[in-house]
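Residue-level structure breakdown
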Amino acid sequence: RKHIDPHLAQLWLHSLACALATQLLAERLAPKLADQGFSCGMVHDCGKLALLCALGQRYEKLLDAAPLSALPLCALEAAELGLDHAEAGKWLTQSWALPKLFVDAAWLHHQPEEVLADVDEHGGLMHLLALGNILAHEVLAEPLDGPALARRRFLLDRMDLSFHQVEKLKETVGQRLAERRELFSLDEEDAVAPCGGALLRAGRVLSQVIGGMVAGRGAAEASAS
């Protein structure tokens, strides 16, 4: 896929944000895991790469529809494709014979908090990655679904992080995103002003919602007349 593909650019931007957030969390809470945390963040959504390459426009349409749905992306993927991107990432990393650390990073980052506590075999790194993934979405002003919000509360309580600490960490992630954007051929607008880009995406979603409401009302009025 071409590097200018907006879906691919957004995926790399989120992966880099997740890598930075996980690394920063590890630096604070488990410094020996910081480098591994960065690597896991870069790998964690490789299942989305696989689905984009294998399914093309079919998966693009699903990604575009996800912000309008009340369901988490993983649930939409499972319903439409028969598997979600976490499972696809597990299969991909296993087929490449990558270390189990990366297999688990791809597979476990969306697991419920009660499951995550039982399957983290890497000194707490999967917990750091799960929170790093959530904070990356926040840095990019992307909405969190209900399960992600519950997982966020659990992980913050577990790590005993204050509101101020989390906000400072997200600010640092944004700064480091701007510094590293050229490594991934990301546009300056995408990397330096992620919130602005997210607001534009939100505006497009809102326009779609309003357009659907207007069309529905018009059809109802026409039917009534």
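The structure under discussion appears in the preceding block.
Summary of the structure given here. Residue positions are given per chain, counted from 1 along the sequence in the order it is written. With the structure being a predicted model, the display of local features is reserved for residues of pLDDT at least 70 and the display and counting of side-chain atom pairs for 80 or more, all residues being used for whole-chain, interface and lining totals. Hydrogens and water molecules were not included; the side-chain quantities draw on all heavy atoms of the structure.

1. What about the nonpolar core?
By size, the foremost hydrophobic cluster in this structure holds 38 residues, and its most contacted members are Cys40, Met126, Leu131, Val173 and Leu177. Elements supplying a minimum of two residues to this core: helix H1 (6-29), helix H2 (34-43), helix H7 (100-108), helix H9 (125-139), helix H10 (146-159) and helix H11 (163-180). Contacts between residues were defined by any pair of non-hydrogen atoms, one from each residue, lying within 4.5 Å. Apart from the residues within four sequence positions on either side, cysteine 40 is in contact with Leu101, Phe102, Ala105, Leu125, Met126 and Leu129. Residues belong to one nonpolar core when they are buried, are Ala, Val, Leu, Ile, Met, Phe, Trp, Tyr or Cys, and are joined through side-chain atoms within 4.5 Å. Each residue is placed in one exposure class: buried if its accessible area under a 1.4 Å probe, protein chains only, is under 20% of its type's maximum, exposed if it is over 50%, and partly exposed if it falls in between. Membership of the second largest hydrophobic core comes to 11 residues, among which are Leu11, Leu62, Leu76 and Leu81. Only DSSP runs of H or I reaching four residues or more are called helices, and only runs of E reaching two or more are called strands; each is numbered from the N terminus.

2. Some thoughts on the side chain of threonine 93
If you trace the backbone, threonine 93 turns up in helix H6 (residues 85-95). Separated by 2.8 Å, the side chain of threonine 93 and the backbone oxygen of glycine 89 make a polar contact. The residues touching threonine 93, leaving out its near neighbours within four places in the chain, are Val43, Cys46, Leu98, Phe102, Val103 and Ala106. In the analysis that follows, any N or O atom pair within 3.5 Å is treated as a polar contact, provided that within protein one partner can donate a hydrogen and the other can accept it, and provided that, for residues neighboring in sequence, both atoms belong to side chains.

3. Things to note about the packing of H2 against H9
At a minimum axis distance of 10 Å, the contact between H2 and H9 shows a crossing angle of 50°. One element, H2, and the other, H9, form an angle in the oblique class. Note that H2 runs across H9; the crossing there is right-handed. Residues Gln36, Gly37, Cys40 and Gly41 of H2 touch H9, and the partners they reach there are Leu125, Met126 and Leu129. All axes are obtained by fitting lines to C-alpha atoms, using only the stretch in contact for helices, and the reported angles, taken between N-to-C directions, cover 0 to 180 degrees. Angular relationships are summarised with four words: roughly parallel below 35 degrees, roughly antiparallel beyond 145, roughly perpendicular across 65 to 115, and oblique for the angles in between. Each helix crossing is assigned a hand: it is left-handed if the near helix lies turned anticlockwise from the far helix by less than a right angle, otherwise right-handed if that turn is clockwise.

4. Quick notes on the environment of alanine 66
With respect to the secondary-structure elements, alanine 66 resides in the loop between helix H4 (57-65) and helix H5 (73-81). Taking the C-alpha atoms as reference, alanine 66 lies 9.4 Å from glutamate 77; in sequence the two are 11 residues apart. With near-sequence residues (within four places) excluded, alanine 66 lies in contact with Leu73 and Leu76.

5. Looking at the environment of leucine 76
In this fold, leucine 76 is placed in helix H5. Between the C-alpha atom of leucine 76 and that of leucine 63, which follows or precedes it by 13 residues, the distance is 9.2 Å. Leaving out residues up to four positions away in the same chain, leucine 76 has contacts with Leu62, Ala66, Ser69 and Leu71.

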